[in-house]
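Observations on chain architecture
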Amino acid sequence: MAATPDLPRNAWSRRPAGTMVCVTRVYLAAEAGQPLSAAAQQARSAAEAETWADPSLLAHEGRRSAMIRSAAVGSLASCFGVSTDEVLVFATRGAAIRAATLGLGRGPMLISPVERRSALAWAATRRDGLVSCRVDSEGAIDMDDWELGLSEAGAAWLQVGNPEIGTAQPVARAAELATSAGVPLIVDATMAVGRMPLPTGWQALLADSRSWAGGDGTCLLVVRRGTPFTNLDGQTG
């Protein structure tokens, strides 16, 4: 029996007896985010109606936009347990990743080969390059190699979970070792925010609004006060 013409071939599988069955759609693109939640839709509609003016302008509507934006950043900061001045807001995840990889600490960046390609690419352009950490067959970092790499690194980068295969990294232990070595750690929490308790021990944290069904257009870089960080673009909270 032939498959229905308007369905892609990979939507069907063959049973041993030769009958055809339609495969249920599954979600294999966590990197792409998720549909807007009802709360996010309402917030976005309100923002589009109320904050249309340039927040950098001194006119009344500009000041109103700036006040609403400041309140939004303050709300996000409270969710992460930090102050508003520790939150940097970027329009894209790529811009936030660039700022984090190039601005955090001094010296090589310790990073594993299963991190985001953009993070690996930017880390490689650091003045002192990067130090690679080995991973096992499931993509989890080798803790002995991580500890060894920290002795050479001036900063470290680690994701909470891999968006392609779902491997969760031992962030708590990795953070302990980084703290002991005096190496600032940035945690890519884009696969964790809104889904699980956030790890502790980090000096910087990346969070994309697409991770909590907030849609595209906002990526946060949280940098704890006192962390060696150069703000390359002068981005503010």
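Predicted, not measured: the structure shown is a model, and the values here were computed from it.

**Some words on the sheet that holds strand S6 (residues 155-159)**
Spatially, S3-S9-S8-S7-S6-S4-S5 is the arrangement adopted by the 7 strands of the open sheet, whose pairing is mixed. Of all strands in the sheet, those bounded by a partner on one side alone are strand S3 (87-90) and strand S5 (130-132). This sheet shows a mean twist of 20 degrees between the axes of neighbouring strands, independent of strand direction. Across 4 bridges, S3 lies against strand S9 (residues 219-223) in antiparallel orientation. Directly across from Val89, in S9, lies its bridge partner Leu220. Of the strands in this sheet, S3, strand S4 (109-111), S6, strand S7 (185-188), strand S8 (204-208) and S9 are in contact with helix H3 (residues 93-103), which crosses S9 at around 20 degrees.

**Some points on the packing of aromatic side chains**
All told, the structure shown has 0 aromatic pairs when counted by the stated rule. Over the face of the ring belonging to Trp122 we find Arg98, whose NZ or CZ atom lies 5.5 Å from the ring centre. For the cation-ring pair, Arg224 lies above Trp202, with the distance from its terminal atom to the ring centre recorded as 3.9 Å.

**Re the layout of surface pockets**
The space that makes up the largest pocket amounts to roughly 1,100 Å³. Contributing to the lining of the largest pocket are 32 residues, with Ala43, Ala47, Ala72, Leu76 and Thr218 lying nearest its centre. Element by element, the count of residues in the lining of the largest pocket is highest for helix H2 (residues 60-80), at 9 residues.

**Re the side chain of Glu86**
Summarising the element assignment, Glu86 is placed in the loop between H2 and S3. Buried within the structure, Glu86 lacks any salt-bridge partner; Arg225 is the closest side chain of opposite charge, at an N-O distance of 4.5 Å. Within the local environment of Glu86, its side chain forms a polar contact with the backbone nitrogen of Ser83, the two atoms lying 2.8 Å apart. Those residues in contact with Glu86 that sit more than four places away from it in its chain are Leu221, Val222, Val223, Arg224 and Arg225.

**Observations regarding the confidence of the model for the chain**
When the pLDDT values of the chain are averaged, the result is 83; 84% of them are 70 or greater. Ignoring residues within four places in sequence, the model shows residues 1-15, a span with pLDDT below 50, making 18 contacts including any to other chains.

About the cut-offs
Residues numbered from 1 in each chain as written. Predicted model: local features only at pLDDT ≥ 70, side-chain atom pairs only at ≥ 80, totals over all residues. Heavy atoms only, no water. Pairing = 2+ DSSP bridges. Helix = DSSP H or I, 4+ residues; strand = E, 2+ residues; numbered from the N terminus. Axes fitted to C-alpha atoms, helices over the stretch in contact; angles between N-to-C directions. Contact = heavy atoms within 4.5 Å. Phe/Tyr/Trp six-rings, centres within 6.5 Å; stacked < 30°, edge-to-face > 60°. Lys NZ or Arg CZ within 6 Å of the ring centre and 35° of its normal. 1 Å grid on protein atoms, 1.4 Å probe; cavity = no way out; pocket = protein on both sides within 12 Å on 5 of 7 lines; lining within 4 Å. Points joined across faces, edges and corners; volume = space filled by probe spheres on them. Buried < 20%, exposed > 50% of the residue type's maximum accessible area, 1.4 Å probe, protein only. Lys, Arg positive; Asp, Glu negative; His and termini not counted. Salt bridge = Lys/Arg side-chain N within 4 Å of Asp/Glu carboxyl O. Polar contact = N/O pair within 3.5 Å; in protein donor to acceptor, adjacent residues only side chain to side chain. pLDDT = per-residue confidence, 0-100.

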